[in-house]
Amino acid sequence: MMSNEVIIANESGSIAETDTISSSTTSSCNKPTDINSPQPADAIQQGLLMLLQPSVRDIDSKVKLARESQSLLLQRLEDLDRQLFAVKEERTPPIDLEPYVKRLSACRRKVLLANTILQNTQDRLNKLHSNVIRETEKRRAQSKKLEEQAAATGLIN
């Protein structure tokens, strides 16, 4: 009798289930075989998922923090831009603020560009994560279907 332990991670990354799959079958040569042994592609997929999932979550959380920081910076830059424009309109300053306003506008554009890049990166990570989960579910369903077929033919006790 062979026993395989399957650990399934849910979307939040915590371990959702721990299943022990036990099965034994006999072939025509009376040798025990395990129909439930993971296929190489399935094992690779599970290994990659377990390997990449913490990194993807870590990157995703850091991207979210960076986006929040970029948004806060953008708000503050816009406020400062409005205040400088109001000061400029109110009176003639002793120094020319125009170059500083231009620099501030250039910084604002760079922050907007960085924010857009971060958003696109996060969208790609989310899509990758959903594709991995979908593929894992598909593999799980295929495995379950094979188990049911084997049980129906009497190969599993």
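Cut-off values and rules
Residues numbered from 1 in each chain as written. Predicted model: local features only at pLDDT ≥ 70, side-chain atom pairs only at ≥ 80, totals over all residues. Heavy atoms only, no water. Helix = DSSP H or I, 4+ residues; strand = E, 2+ residues; numbered from the N terminus. Buried < 20%, exposed > 50% of the residue type's maximum accessible area, 1.4 Å probe, protein only. Contact = heavy atoms within 4.5 Å. Areas by Shrake-Rupley, 256 points an atom, 1.4 Å probe, with all protein chains shown as cover. Expected span 1.5 Å × (residues − 1). Patch = residues over 30% accessible without salt bridge, like charges linked within 9 Å, V, L, I, M, F, W, Y side chains within 5 Å. Salt bridge = Lys/Arg side-chain N within 4 Å of Asp/Glu carboxyl O. 1 Å grid on protein atoms, 1.4 Å probe; cavity = no way out; pocket = protein on both sides within 12 Å on 5 of 7 lines; lining within 4 Å. Points joined across faces, edges and corners; volume = space filled by probe spheres on them. Nonpolar A, V, L, I, M, F, W, Y, C, P; charged D, E, K, R; others polar. pLDDT = per-residue confidence, 0-100.

Peer 1: What exactly am I supposed to notice about the overall build of the chain here?
Peer 2: Looking only at helices and strands, one finds 2 helices and 4 strands in the chain. In the chain, the succession of α and β elements from N to C terminus is β-β-β-β-α-α. Of all 157 residues assigned to the chain, the portion counted as buried reaches 17%. In the chain, 59% of the contacts between residues at least 6 apart in sequence involve partners at least 24 apart. Accessible area for the chain stands at about 11700 Å²; split by element, carbon and sulfur atoms hold 57% of it.

Peer 1: For this particular structure, what's the right way to read helix α2 (residues 98-152)?
Peer 2: Given 3.6 residues per helical turn, the α-helix brings residues three or four places apart onto the same face. Between the first and last C-alpha of α2 there are 80 Å, a value that for 55 residues agrees with the 81 Å anticipated at 1.5 Å per step. Here α2 has its buried residues at V101, L104, V111, N115, L118, Q122, L125, H129, I133, T136 and A150. Elements in contact with the buried residues of α2: α1 (40-90). G154 sits one or two positions beyond α2 and adopts a positive phi of about 85°.

Peer 1: Would you explain a nonpolar patch on the surface in this entry?
Peer 2: Taken together, the side chains of I44, L48, L51 and L52 define a hydrophobic patch exposed on the protein surface, amounting to about 400 Å² of accessible area. Within the secondary structure, L52 sits in helix α1. Taking the relative accessible area as the measure of exposure, L52 reaches 45% and is therefore partly exposed.

Peer 1: For this particular structure, what's the right way to read the layout of surface pockets?
Peer 2: Think of a ball as big as a water molecule: rolled over the atoms, this probe shows where empty space is left. Estimates place the volume of the second largest pocket at around 210 Å³. If you trace the second largest pocket, you find it lined by Q45, L48, L49, L52, Q53, V56, L128, H129, V132 and E135. Looking at the lining of the second largest pocket, the elements that each hand over two or more residues are α1 and α2. Taken together, the residues that form the lining of the second largest pocket break down as 6 nonpolar, 3 polar and 1 charged.

Peer 1: Would you mind showing me how to read the pattern of salt bridges here?
Peer 2: A side chain of one charge can pair with a side chain of the opposite charge when the charged atoms of the two come close. Applying the stated rule across the entire model yields 7 salt bridges. Of the charged contacts in the structure, one is a salt bridge between D60 and K64, with a shortest N-O distance of 3.6 Å. Placement of both D60 and K64 in helix α1 is noted, with a separation of 4 residues, approximately one turn of the helix.

Peer 1: I tried to follow the side chain of D60 on my own but got confused; where do I start?
Peer 2: Look at D60 and you get buried, because its relative accessible area is 13%. Setting aside residues no more than four positions away along its own chain, D60 makes contact with Q122, L125 and N126.

Peer 1: When you look at the confidence of the model for the chain in this model, what are you seeing that I'm missing?
Peer 2: Do not read the fine detail of predicted coordinates wherever pLDDT is low. Residues at a pLDDT of 70 or more form 73% of the chain, whose mean pLDDT is 76. Across residues 1-34, where pLDDT falls below 50, the model places 59 contacts with residues more than four positions away in sequence or in other chains.

Peer 1: What is the right way to look at the environment of R67 in this model?
Peer 2: Turning to its location among the elements, R67 is positioned in helix α1. Residue classification places R67 among the partly exposed residues on the basis of a relative accessible area of 26%. For the pair R67 and I117, spaced 50 residues apart in sequence, the C-alpha separation works out to 9.7 Å. Setting aside its immediate chain neighbours within four residues, R67 contacts N115, L118, Q119 and Q122.

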